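For reference, the chains in residue letters:
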Amino acid sequence: MEDMPTSSPFNVPDGFFDDQRQRIRQRLEESEKSASRFNQPARRSWMRAAAFWIGIIGVVFSVQQWNAHAACQTYACLLEQQEPSLNVPDDMLEEWLDDGALFDDILLDDV
Amino acid sequence: MMPKKISNDHDAYEQPDWLDGMTHSNPHIRSKAFEGFMNAWQQPIYFYMRKLLVNHQDADDASQEVMIQVLKSIDTFQKKATFSTWLMTIAYHKAMDAMRKRKTHSWVSLDAANHAALSHLNEDALFDADEAETRLQAAISTLPPRQRQVFVLRYFDEFSFRKIAAITGKTEGALKASFHHASKKIRANVVLPA
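Fair warning: this is a prediction, and the values are worked out from it, not measured in the lab.

Trainee: So, the overall build of chain B: which residues are in play, and what are the values?
Mentor: Each helix and strand counted, chain B has nine helices and zero strands in total. Starting at the N terminus and walking to the C terminus, you meet the elements of chain B as α-α-α-α-α-α-α-α-α. Sorting the 194 residues of chain B into buried and exposed places 51% on the buried side. A fraction of 67% describes how many contacts in chain B between residues 6 or more apart in sequence connect residues 24 or more apart.

Following this line, the structure appears as structure tokens:
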């Protein structure tokens, strides 16, 4: 490899390195500005407070959910905790169960 | 224009006096440190990328990305490695990304790829070389990304295999094998017709 060239044949446009340096400086300044905007004391404390309250709400919600299910060991227990989808007053239910026509006339006829 | 070579001399860059100034709270000291960093590294990083990517615009973009990342993450540099090794590790990965993005199709033969590279170089207004240099650069640009990096770091920048291993995270043995394969391919392309 001794006879191979080691000098660089690459050229750059005039003023390229000054221009590139300027672009890098600008990009750094822009990112510093946006970082400092994010890090303003007022904004930082506001975000800290928001994060704190979101955390508290999350914890309370999780504890409620856990308590609702923790005591149940059976499906019957879970079923009782469900809101009934159809609200039927007790007296209506009793009246319906005592209805002889349903149990004696209709059901027994089929047996 | 004679480009600056990446220094392999440890004393030249291991303890740059501007390094501490880059994280200083005083903006004037930081600005001076920025100039010190750019004076030392802007051209070596650009020409490193140019040798790998050939195209000026690609080298401009990639070298800019390296310097931005170095300047943004300088406070994470823990001085466990030398500054030049840390910086070159960033440059190595950025160059790898750039080369993979432009990867040529594997079904293109080596001869066809070499021919395409030669014609690109001959059309490039910012490339000024004799036939031997043009053939050398064309041959380098057809190497696989890792071989290309190892070849450039070893052949042009004269880095030791130990230093290249620290930059790339590969073993010295693997790097020597890569360099051997790269040299063989390049020799085959650079031999001028009688």
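More follows now that the structure is in view.
Trainee: Can you break down the overall build of chain A residue by residue, with the values?
Mentor: Within chain A, the regular secondary structure consists of five helices and zero strands. Going through the 111 residues of chain A one by one, you find that 13% of them count as buried. Taken as a whole, chain A presents about 9400 Å² of accessible surface, with 58% of it coming from carbon and sulfur.

Trainee: Got a sec to walk through the pattern of salt bridges? Specific residues and values, please.
Mentor: In total, this model carries eight salt bridges over all chains according to the counting rule given. Residues R25(A) and E35(B) are paired through a salt bridge, measuring 2.6 Å at the closest nitrogen-oxygen approach. Taken together, the residues span two chains, with R25(A) in helix α1 (residues 16-38) and E35(B) in helix α2 (residues 27-53). For R25(A), a relative accessible area of 22% puts it in the partly exposed group. A relative accessible area of 26% places E35(B) in the partly exposed class. The closest approach of N and O atoms between D157(B) and K51(B), which form a salt bridge, is 3.5 Å. Of this pair, D157(B) sits in the loop between α7 (145-156) and α8 (161-168) while K51(B) sits in helix α2, and the two are 106 residues apart along the sequence. The same class applies to D157(B) and to K51(B), which are both buried.

Trainee: For a nonpolar patch on the surface, give the residues involved together with the corresponding values.
Mentor: The grouping of L86(A), V88(A), M92(A), L93(A), W96(A) and L97(A) at the surface amounts to a nonpolar patch, some 610 Å² of accessible area in total. Following the sequence through the fold, V88(A) ends up in the loop between α3 (75-81) and α4 (90-97).

Trainee: Could you give me a rundown of the interface of chain A and chain B, with the residues and numbers involved?
Mentor: Taken together, the 22 residues of chain A in the interface contact 40 residues of chain B. Between chain A and chain B, roughly 3100 Å² of surface is buried when both sides are summed, and carbon and sulfur atoms account for 61% of that area. Remark: the boundary between chain A and chain B carries four salt bridges. For D60(B), the salt bridge is made with R23(A), and the minimal N-O distance between the two is 3.2 Å. At the boundary of chain A and chain B, one finds 15 residue pairs in polar contact (both at pLDDT 80 or more). Each residue belonging to the side of chain A that touches chain B can be placed in one class, and the counts come to 11 nonpolar, six polar and five charged.

So, how was this worked out
Residues numbered from 1 in each chain as written. Chains lettered and ligands numbered in written order. Predicted model: local features only at pLDDT ≥ 70, side-chain atom pairs only at ≥ 80, totals over all residues. Heavy atoms only, no water. Helix = DSSP H or I, 4+ residues; strand = E, 2+ residues; numbered from the N terminus. Buried < 20%, exposed > 50% of the residue type's maximum accessible area, 1.4 Å probe, protein only. Contact = heavy atoms within 4.5 Å. Areas by Shrake-Rupley, 256 points an atom, 1.4 Å probe, with all protein chains shown as cover. Salt bridge = Lys/Arg side-chain N within 4 Å of Asp/Glu carboxyl O. Patch = residues over 30% accessible without salt bridge, like charges linked within 9 Å, V, L, I, M, F, W, Y side chains within 5 Å. Buried area = accessible area lost by both parts, 1.4 Å probe. Polar contact = N/O pair within 3.5 Å; in protein donor to acceptor, adjacent residues only side chain to side chain. Nonpolar A, V, L, I, M, F, W, Y, C, P; charged D, E, K, R; others polar.

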